[in-house]
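# Structural characterization, general
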Amino acid sequence: MTANVVGLVPGSDRSLGDEYVVVSAQLDGGDRGRERTLSSWEASAWATVLEVARMTARKPMKRSVIFVVFVGEEDGISGALHLLAHAPVPRKHIVASIHVTTGEISGRQGVSLQALVSPPVLAREVEDAARPGDVKVLATSGGLGPFRGTPGEVFLDEGIPSMLVTIGESRCTPASCDDRLE
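Cut-offs used in this document
Residues numbered from 1 in each chain as written. Predicted model: local features only at pLDDT ≥ 70, side-chain atom pairs only at ≥ 80, totals over all residues. Heavy atoms only, no water. Helix = DSSP H or I, 4+ residues; strand = E, 2+ residues; numbered from the N terminus. Contact = heavy atoms within 4.5 Å. Areas by Shrake-Rupley, 256 points an atom, 1.4 Å probe, with all protein chains shown as cover. Buried < 20%, exposed > 50% of the residue type's maximum accessible area, 1.4 Å probe, protein only. Pairing = 2+ DSSP bridges. Polar contact = N/O pair within 3.5 Å; in protein donor to acceptor, adjacent residues only side chain to side chain.

### Focus on the overall build of the protein chain
- Along its length, the protein chain carries four helices and nine strands.
- Ordering the α and β elements of the protein chain from the N terminus gives β-β-β-β-α-β-α-β-β-α-β-α-β.
- Here the analysis covers contacts within the protein chain between residues at least 6 apart in sequence; of these, 74% occur between residues at least 24 apart.
- Split by element, the accessible area of the protein chain, about 10,300 Å² in all, is 55% carbon and sulfur.

In structure tokens form, the structure reads like this:
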């Protein structure tokens, strides 16, 4: 059994408004016996998606955006599977997915962003959109690899370009961080 929390902000462009980008996070924590708990890092990803939804509602994007908080991802990405099986819009109109997650990543000390993108052609677009040094962009050249076990796997299986954005804390030392460390 699963449930998702879904919201929609219609696009502002008449020609692109019937294309949808899914922006998601998960909200189901780990098991403590029969009780589910929410980690502060999961809450950070969830709060990030809610803030992006709030900002998008104030100033809509050209394409429509479906915001989703998945429940059930720890039990086999069932929330993402359920969303695509019961999509709120025609499946062929979903053109991309962005899933926000959390974890430890390499890079500067402090909180960083890392984007894993597939197909690789999207990596350049993400790099161009970010300020230098804000986001570490990694492109996967084929296969599900690092997307396995994430909603990105479900979307890639359906041929939908996907990005996995990790908000992470780097625990590197100045000697082990990359040369962008200030």
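Now that the structure is up, let's keep going.
### Comments concerning the side chain of Thr150
- Looking at the secondary structure, you find Thr150 in the loop between strand S8 (135-139) and helix H4 (151-157).
- Apart from the residues within four sequence positions on either side, Thr150 is in contact with Ile77 and Leu164.

### Let's talk about the pairing of strand S5 (residues 64-70)
- Counting buried positions over the seven residues of S5 gives seven, a clear majority of the element.
- Side-chain alternation along S5 places Ser64, Ile66, Val68 and Phe70 on one buried face and Val65, Phe67 and Val69 on a second face that is also buried.
- Where strand S1 (residues 4-9) meets S5, six bridges bridge the pair, whose relative direction is antiparallel. Within S5, the position partnered with Val6 by the bridge is Val68.
- Pairing analysis gives seven bridges linking strand S2 (residues 20-26) to S5, with the strands arranged parallel.

### A few points about the environment of Asp13
- Along the chain, Asp13 turns up in the loop between S1 and S2.
- It is 4.7 Å that separates the C-alpha atoms of Asp13 and Lys62, two residues lying 49 residues apart in sequence.
- Among the polar contacts made by the side chain of Asp13, one reaches the side chain of Ser15 at a distance of 2.6 Å.

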